[in-house]
Amino acid sequence: MPGTTLPPFPDDIPTHPLLIIDFERIKAGDQEEINTLWKAATTIGFWYLKNHGIEDRVDGMFEMGAETMALPLEEKIKYEQGENGESFGYKKAGAFATDATGQNLDTVEFVNISKDDALSYPNVVYRTYPSTVAARMESTVAPFAQKAADVSYTFMAIFNEKLGLPEGTLARLHDPAEHSGSELRCTRSPPLPGKIIADRVTLGSHTDSGSLTLLFNRLGGLQVLPAGHEKWLYVKPIPGYAICNIGDALALYSGGIFISNNHRVVPPPGPQGEFERWSLVFFLRPANSRILRALVEDSPIIADAVKQRPGRNFEPGETANEWRARRIRNQRIMNRKGPETWAASRGTEYAPMVA
Ligand SMILES: O=C(O)CCC(=O)C(=O)O
Ligand SMILES: [Fe+2]
């Protein structure tokens, strides 16, 4: 809960280290820092971000989230994202499968707010939101969305150059003048009774469907599974740092140069597990109509990357919007037919395995 003093992340639990990127240095074009960013984006696909300038807009978003989750369930349910693959709106706890069996459901509730709805408020692009969101749309939500988008576009410009793309290619694919699935998410994970904490997954293993994710969390619980690793490892939150990660769209556009890594959420470790966990996310996604495919004609670096990965499909034949909607629709437990539904909810991480 905002304002509560939280116990520190335990110091005896293994974590996965991430590189730390200084946003001020990235903005200034510091080549050494850009090389470190490249290393992070092309190896694990996750990094810490400091000096991002968003921190003073984070608490207001957590307050908005707390006010929203405090509404009665009957009220929140009126804004449920529904079963058709829409993302924006409220998602009740237990609406998602967390694995192929369909036996285990998520335990988190969240509200997703479209960046386009936030920035064009009071005009509605996609939908309306609970009164608690509407009341803070101009004062809290839109300023956060704008700042998070600005930071994300800076990354797009750097990636564009490093990938050898003609100037403005990634900017056009994420043209803010076109509607997109870019969104803000505030998630509440209630503490779970001690008995069921062990091995409980509160948000199932996934990759993010968009291009770039900026994450702000206070308690542990986020875990990553880098390729070649057998064990999930916690990513420790560091006060004032955002956690950034690459999503499927950039992995596809770059022909696999960028890594969209598997991650999941489990209860916070140790004494942190007794507290409510809140997280705040900004997802930058391509404009809805853009086809997701490796940009081989635009960059010899990407063309070469695709050649080096002959077993992988960088042309799934879907637009950014179709890719996202398919994934969400098939994750909803109400839509489950069998393990194939879970498979259909997967992104670039998915390689069918014997269950
Ligand atoms: O809550 C977190 O730390 C991560 C959430 C996440 O991965 C997501 O919402 O896609
Ligand atoms: Fe995620």
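Remember, predicted model here, so these are calculated numbers, not experimental data.

Chemist: Explain the sheet that holds strand β11 (residues 262-265) to me, using residue names and the numbers behind them.
Modeler: An order of β6-β11-β8-β9 is seen for the four strands of this open sheet, with the pairing classed as antiparallel. Looking at strand neighbours, the two that pair on one side only are β6 (203-206) and β9 (233-234), the edges of this open sheet. Across two bridges, the pairing between β6 and β11 is antiparallel. Paired with H206 across the bridge in β11 is H263.

Chemist: Can you tell me about the sheet that holds strand β10 (residues 242-246), naming the residues and giving the values?
Modeler: The sheet built from eight strands is open, its strands ordered β1-β2-β10-β7-β12-β5-β4-β3 with mixed pairing. At either end of the open sheet lies a strand with only one pairing partner, and these are β1 (20-22) and β3 (89-91). Averaged over all pairs of adjacent strands, the angle between their axes in this sheet comes to 25 degrees, without regard to strand direction. Bridge analysis of strand β5 (residues 183-189) against strand β12 (residues 277-284) gives seven bridges, and the strand direction is antiparallel. Its bridge partner being in β12, R188 is matched across the sheet by W278. The strands touched by helix α2 (residues 31-43) are β1, β2 (46-50) and β10; relative to β1, the strand with the most contacts, the crossing angle is about 140 degrees.

Chemist: Tell me about the environment of S139, and please be specific about residues and values.
Modeler: With respect to the helices, strands and loops of the structure, S139 is situated in helix α7 (residues 137-162). Taking the C-alpha atoms as reference, S139 lies 15 Å from Y129; in sequence the two are 10 residues apart.

Chemist: Tell me about the environment of Q272, and name the residues and values.
Modeler: With respect to the secondary-structure elements, Q272 resides in the loop between β11 and β12. Sequence-distant contacts of Q272, that is, excluding residues within four places in its chain, are made with L6, P7, F9, L219 and G220.

Chemist: How would you summarise the nonpolar core if you had to cite specific residues and measurements?
Modeler: Counting 78 residues, the largest nonpolar core has F46, W47, L214 and A242 as the members making the most contacts within it. In terms of residue count, α7 provides more of this core than any other element does, nine residues in total. Once residues lying within four places of it in the same chain are set aside, the contact partners of F46 are L18, A40, V224, V235, I243, C244, N245 and N261. The next biggest cluster of nonpolar side chains, apart from the first, holds five residues, and it includes A95, A97, A100 and W342.

Chemist: Give a detailed account of the packing of helix α3 (residues 58-69) against α7, specifying residues and quantitative values.
Modeler: Viewed as axis vectors pointing N to C, α3 and α7 meet at an angle of 125 degrees, and their least axial separation amounts to 9 Å. As the angle between them shows, α3 and α7 are arranged oblique. With respect to the hand of their crossing, α3 and α7 are arranged in left-handed fashion. Contacts between α3 and α7 involve G60, M61 and M64 from the first element and T140, V141 and F144 from the second.

Chemist: Report on the pairing of strand β7 (residues 212-217), specifying residues and quantitative values.
Modeler: Consecutive side chains of a regular strand alternate in pointing toward one face of the sheet and then the other. Burial of β7 is extensive: six of the six residues sit out of reach of the surface. Burial along β7 is two-sided: the face carrying L212, L214 and F216 and the face carrying T213, L215 and N217 are both buried. Two elements, β7 and β12, share six bridges in a ladder whose sense is antiparallel. Residue pairing for β12: L215 is matched across the bridge by V281.

Parameters and conventions
- Residues numbered from 1 in each chain as written.
- Chains lettered and ligands numbered in written order.
- Predicted model: local features only at pLDDT ≥ 70, side-chain atom pairs only at ≥ 80, totals over all residues.
- Pairing = 2+ DSSP bridges.
- Helix = DSSP H or I, 4+ residues; strand = E, 2+ residues; numbered from the N terminus.
- Axes fitted to C-alpha atoms, helices over the stretch in contact; angles between N-to-C directions.
- Contact = placed C-beta atoms within 7 Å.
- Core = buried A, V, L, I, M, F, W, Y, C linked by C-beta atoms within 7 Å.
- Buried ≥ 20, exposed ≤ 12 C-beta atoms within 10 Å, placed from the backbone.
- Parallel < 35°, antiparallel > 145°, perpendicular 65-115°, else oblique.
- Left-handed = near helix turned anticlockwise from the far one by under 90°.

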